[in-house]
Amino acid sequence: VDALRVFVRSDSDDLEFPLLFVVRQQKGVLSWQVPLAFRGYYQRTYTYQDVSRTLCPTDPRGQAPTSEQFLYIDIASMAPSSVQYELIVRRLPDFELQTDVPLNFSASPSQPQYFLYSFPEGVDSVVIKVKSAETFPCTVVSVQDIACPVYDLDHNVEFNGVYQSMTKKAAITIQ
C-alpha cells in the first residue's frame, strides 16, 4: 500500500493572510493553512509554520490500483505581498503496521500521523499499544475503519472510530 506525505514550511506567521493548501485526489480533498492555528487552554492560540499531512492511500484496502493515480496541489494566499514556502512530497515506507513489530515515530498537532493495519488471516482481535517517553503533552490515539477521509486533527479525531487520550501509555483492543 502506497501513501504519500506532504510537508510544508513557511516563515510567515500572519494568521490574517495564511497560505492555503488544497490537495485533490481521486477520492478526496484535504486542506489546511500555514500558519496552522490551534486553540489551547485559557484561550491561548498556538501557531505552527511547519505542517505535514498524510494523504489518503491510493487504495487503502491494499488492492492494486486499476490505473495511474493523479494528485493536484493548489496553493493560494490573499497576502498583499509574496509569501515564501517550501513544499515536499514523500512516499511513506513504513505506512503499513506489522503485527508484533514496533514502529517509532513523532507526532504533533501540526504533524499528525496515521498508519494502516490489516488483520492477518486467522486473527480476529489485536491490542494496539502506544508508549511515549514524554508525559506532556497529552496525545490522542484513534482507531478508525480503513476509509477516506481520515480524521487526524484535534478538532475532528472523535468523528470516526474509537479514540482515547494518553500521556505515557495507551492500549486499545480492536476486532
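Residue positions are given per chain, counted from 1 along the sequence in the order it is written. Where totals are concerned, whole chains, interfaces and linings use all residues; where local detail is concerned, this predicted model gives features only for residues with pLDDT of at least 70, and gives and counts side-chain atom pairs only at 80 or more. The basis for the side-chain values is all heavy atoms of the structure; hydrogens and waters are excluded.

## With respect to the environment of threonine 99
Our working definition: Here a helix means four or more residues in a row that DSSP labels H or I, a strand means two or more in a row labelled E, and each is numbered from the N terminus. Note on classification: 1.4 Å probe, protein chains only; a residue is buried when its accessible area is under 20% of the maximum for its type, exposed when over 50%, partly exposed between these limits. Contacts are assigned to residue pairs with any non-hydrogen atoms lying within 4.5 Å of each other. Nitrogen and oxygen atoms within 3.5 Å of one another constitute a polar contact, given that in protein one can donate a hydrogen and the other can accept it, and given that sequence-neighbouring residues count only through two side-chain atoms.
Inspection of the secondary structure assignment puts threonine 99 in the loop between strand E8 (85-91) and strand E9 (126-131). Judged by its relative accessible area of 40%, threonine 99 falls in the partly exposed class. Sequence separation between threonine 99 and serine 118 is 19 residues, and the spatial gap between their C-alpha atoms is 9.2 Å. Residues within four places of threonine 99 in sequence aside, it is in contact with Tyr117 and Pro120. Reaching out from threonine 99, the side chain makes a polar contact with the side chain of tyrosine 117 at a distance of 2.7 Å.

## With respect to the nonpolar core
To keep it simple, the criterion reads: Joining through side-chain atoms within 4.5 Å is the link that ties buried Ala, Val, Leu, Ile, Met, Phe, Trp, Tyr and Cys residues into a set, and such a set is a nonpolar core.
Ranked by size, the top nonpolar core spans 13 residues in total, and within it Val6, Val8, Phe21, Trp32, Val34, Val51 and Leu55 carry the most contacts. Valine 34 has contacts with Val8, Ser10, Pro18, Leu19, Phe21, Tyr48, Gln49 and Val51, leaving out every residue within four places of it along the chain. If you look at the next biggest cluster of nonpolar residues, it comprises 9 residues, including Tyr117, Val126, Val130 and Val141.

## Here's the deal with the sheet that holds strand E6 (residues 50-54)
Rule in force here: By the convention used here, strands pair only if DSSP detects at least 2 bridges between them. To get an axis, a line is fitted to the C-alpha atoms, and for a helix only the part in contact is used. The angle between two axes follows their N-to-C directions and goes from 0 to 180 degrees.
Here 3 strands make up an open sheet; going across it, the order is E6-E1-E8 and the pairing antiparallel. Here the strands that pair on one side only, and so sit at the sheet edges, are E6 and E8. Within this sheet the neighbouring strands show an average axis-to-axis angle of 15°, counted without direction. Sheet topology note: the strand E1 (residues 4-10)/E6 ladder contains 5 bridges and is antiparallel. Bridge pairing in E6 places valine 8 opposite valine 51.

## Observations concerning the sheet that holds strand E3 (residues 28-34)
If you trace the 3 strands from one edge of the open sheet to the other, you get E3-E2-E7, paired in antiparallel fashion. Looking at which strands have only one partner, the edges of the open sheet turn out to be E3 and strand E7 (72-76). Direction aside, neighbouring strands of the sheet carry axes that sit 15° apart on average. Direction of pairing for strand E2 (residues 19-25) relative to E7: antiparallel, over a ladder of 5 bridges. Residue pairing for E7: arginine 24 is matched across the bridge by tyrosine 72.

## Regarding the state of the cysteines
The cut-off we apply is this: Any two cysteine sulfur atoms within 2.5 Å of one another count as a disulfide.
Within the structure shown, the criterion is met by 1 disulfide. The disulfide that involves cysteine 56 links it to cysteine 148, with 1.5 Å between the sulfurs. Across the disulfide from cysteine 56 to cysteine 148, rotation about the S-S bond amounts to roughly -100°, and the bridge is consequently left-handed. With cysteine 56 in the loop between E6 and E7 and cysteine 148 in the loop between strand E10 (139-143) and strand E11 (162-166), this residue pair connects regions lying 92 residues apart in the sequence.

## Quick word on unusual backbone geometry
Between valine 34 and the following residue, proline 35, the backbone shows a cis peptide bond with an omega angle of 5°. Of the consecutive residues cysteine 148 and proline 149, the connecting peptide bond is found in the cis state with omega at 5°. Following the sequence through the fold, proline 149 ends up in the loop between E10 and E11. For glutamine 43, which is not a glycine, the phi torsion comes out positive at approximately 65°. Inspection of the secondary structure puts glutamine 43 in the loop between strand E4 (36-39) and strand E5 (45-48). We classify glutamine 43 as exposed; its relative accessible area is 69%. Backbone geometry places aspartate 100, a non-glycine residue, at a positive phi of 60°. Within the secondary structure, aspartate 100 sits in the loop between E8 and E9. The exposed category is assigned to aspartate 100, whose relative accessible area is 78%.

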